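Geometric and topological summary
Take a look at the letters that make up each chain.
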Amino acid sequence: MFSKLFCCLAVFAVLTLHAQHKENPGPSALQDSIDKGLAKIKQMQARIDSVDKAQLQKLADKTAASDSANMARGLDEYMAEKKEQDKRMVKQLWIKGSVFVFMLGATIVGFVRRRKQKVKG
């Protein structure tokens, strides 16, 4: 009796294990699925990284071009301001030089007049 009961339980256990084994994928099938998923994720991450890198490069190029244009524009403005300042300085120098020459001439004329008056007188 125990042997019949033991045989029935053994058959029942074998059938149950066999059924469970067929329903659940084995560790290798599950690992393959995980590996495929990781490969897809890595591939998507690589694509995202390449797109990000390209966008950053475009942004850097635009920024560099913008900076160059701003620097050129600033340099042009600076040079125009310097030329204007030089023109004003030259004008001031001419005015000051003219006043100096006039004052020098007046001083010389006055000195000569005094000299003539002292000599005559």
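These notes cover the structure that comes with them. What you are looking at is a predicted structure, and each value in this text was computed from that prediction instead of being measured.

1. Topic: the overall build of the chain
- Each helix and strand in the chain was counted, giving two helices and zero strands.
- The 121 residues of the chain split such that 0% are buried.
- For the chain, the computed accessible surface area is about 11800 Å², with 67% contributed by carbon and sulfur atoms.

2. Quick notes on a nonpolar patch on the surface
- The grouping of Phe100, Val101, Leu104, Ile108, Phe111 and Val112 at the surface amounts to a nonpolar patch, some 600 Å² of accessible area in total.
- Structurally, the position occupied by Val101 is in helix H2 (residues 27-120).

Cut-offs used in this document
- Here, residues in each chain are numbered from 1, in the same order as that chain's written sequence.
- Restriction of local features to residues with pLDDT of at least 70 applies here, the model being predicted, together with a cutoff of 80 or more for giving and counting side-chain atom pairs; totals for whole chains, interfaces and linings are based on all residues.
- Calculated side-chain values reflect all of the structure's heavy atoms, with hydrogen atoms and water omitted.
- Only DSSP runs of H or I covering at least 4 residues are called helices, and only runs of E covering at least 2 are called strands; the numbering of each starts at the N terminus.
- Only protein chains enter the area calculation, which uses a 1.4 Å probe; residues under 20% of their type maximum are buried, those over 50% are exposed, and those in between are partly exposed.
- Only the protein chains shown count as cover for residues, and all accessible areas are computed by the Shrake-Rupley method using a 1.4 Å probe.
- A patch consists of residues whose relative accessible area exceeds 30% and which take part in no salt bridge; residues with like charges are grouped when within 9 Å of each other, and nonpolar side chains (Val, Leu, Ile, Met, Phe, Trp, Tyr) when within 5 Å.
- The rule for a salt bridge is simple: a side-chain nitrogen of Lys or Arg has to be within 4 Å of a carboxyl oxygen of Asp or Glu.

On their own, these measurements won't tell you what the molecule is for.
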